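For reference, the chains in residue letters:
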Amino acid sequence: MDRVQKAVELFKGGCNCSQAVVCAYSDLFGMDNNSAMRASEGFGGGMGRMRLTCGAVSGMCMLAGLKYGKGIPKDLETRIKVYGTVQKMAKEFEEKNGSVICGDLLGINKPKDTGAVPTERNAEFYKKRPCVGCVEDCARLVEKYLIKTE
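Cut-offs applied
- Residues numbered from 1 in each chain as written.
- Predicted model: local features only at pLDDT ≥ 70, side-chain atom pairs only at ≥ 80, totals over all residues.
- Heavy atoms only, no water.
- Patch = residues over 30% accessible without salt bridge, like charges linked within 9 Å, V, L, I, M, F, W, Y side chains within 5 Å.
- Areas by Shrake-Rupley, 256 points an atom, 1.4 Å probe, with all protein chains shown as cover.
- Salt bridge = Lys/Arg side-chain N within 4 Å of Asp/Glu carboxyl O.
- Helix = DSSP H or I, 4+ residues; strand = E, 2+ residues; numbered from the N terminus.
- Expected span 1.5 Å × (residues − 1).
- Buried < 20%, exposed > 50% of the residue type's maximum accessible area, 1.4 Å probe, protein only.
- Contact = heavy atoms within 4.5 Å.

Peer 1: Would you mind showing me how to read a nonpolar patch on the surface here?
Peer 2: There is a patch of nonpolar side chains on the surface, built from M47, M50 and L52 and spanning about 240 Å² of accessible area. On the secondary structure map, M47 appears in the loop between helix 3 (33-40) and helix 4 (55-68).

Peer 1: Hey, could you run me through helix 4 in this one?
Peer 2: Over its 14 residues, helix 4 extends 20 Å from the first C-alpha to the last, a length consistent with the 20 Å expected when each residue adds 1.5 Å. Among all positions of helix 4, only G55, A56, V57, S58, G59, M60, L63, A64 and Y68 are buried. Buried residues along helix 4 sit against helix 2 (17-25), helix 5 (76-97) and helix 8 (131-147).

Peer 1: I'm lost on unusual backbone geometry in this one. Help?
Peer 2: Among all residues save glycine, negative phi is the norm, and among peptide bonds the norm is trans. The phi torsion at M47 lies on the positive side, around 70 degrees, for a residue other than glycine. Here the phi dihedral of K74 falls at roughly 70 degrees; this positive angle occurs in a residue that is not glycine. The residue K74 is located in the loop between helix 4 and helix 5 in this model. You can call K74 exposed: its relative accessible area is 77%.

Peer 1: What is the right way to read the pattern of salt bridges from this model?
Peer 2: Pairs may arise between side chains of opposite charge once their charged atoms sit close together. By the definition in use, this model includes five salt bridges. Here E95 makes a salt bridge to K91, at a shortest N to O gap of 3.8 Å. One end of the pair, E95, and the other, K91, are both in helix 5, four residues apart, so they sit about a helical turn from each other. For the residue pair E95 and K91, the accessibility class agrees, reading exposed in each case. E92 serves as the salt-bridge partner of K144, at 3.0 Å between the closest nitrogen and oxygen. Highlighted residues: K144 in helix 8 and E92 in helix 5, separated in sequence by 52 residues.

In structure tokens:
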């Protein structure tokens, strides 16, 4: 199974959008699956289900940091590389999907208190939500910008 499909299957298997993207690739960037699952969990649902930045987009940003970041404070050269890559990926995602904001992608006009309980995953969930496509789009961008580079 290729990693784009792996990300989609992880999402369909119960991972949130951020976990699905991060965990499909984390081993390539030196992060074990359990750490990846834990580190990315809070970004699902647009950051803790607040419908802010799409969790799949946040996941690909985390991977950009793992790929190019060195973890050295004040290393502006590295930060420029990470930020530039994140901006390119986010721009391409937004051009395709209209926004990087979870609430916009879901058709919720204003972020609202949606509570902490995730929506049940069933056929209706997948039919009316663009999340599977967002996970797939972010995984394809990871492939383009982080895997098939240099």
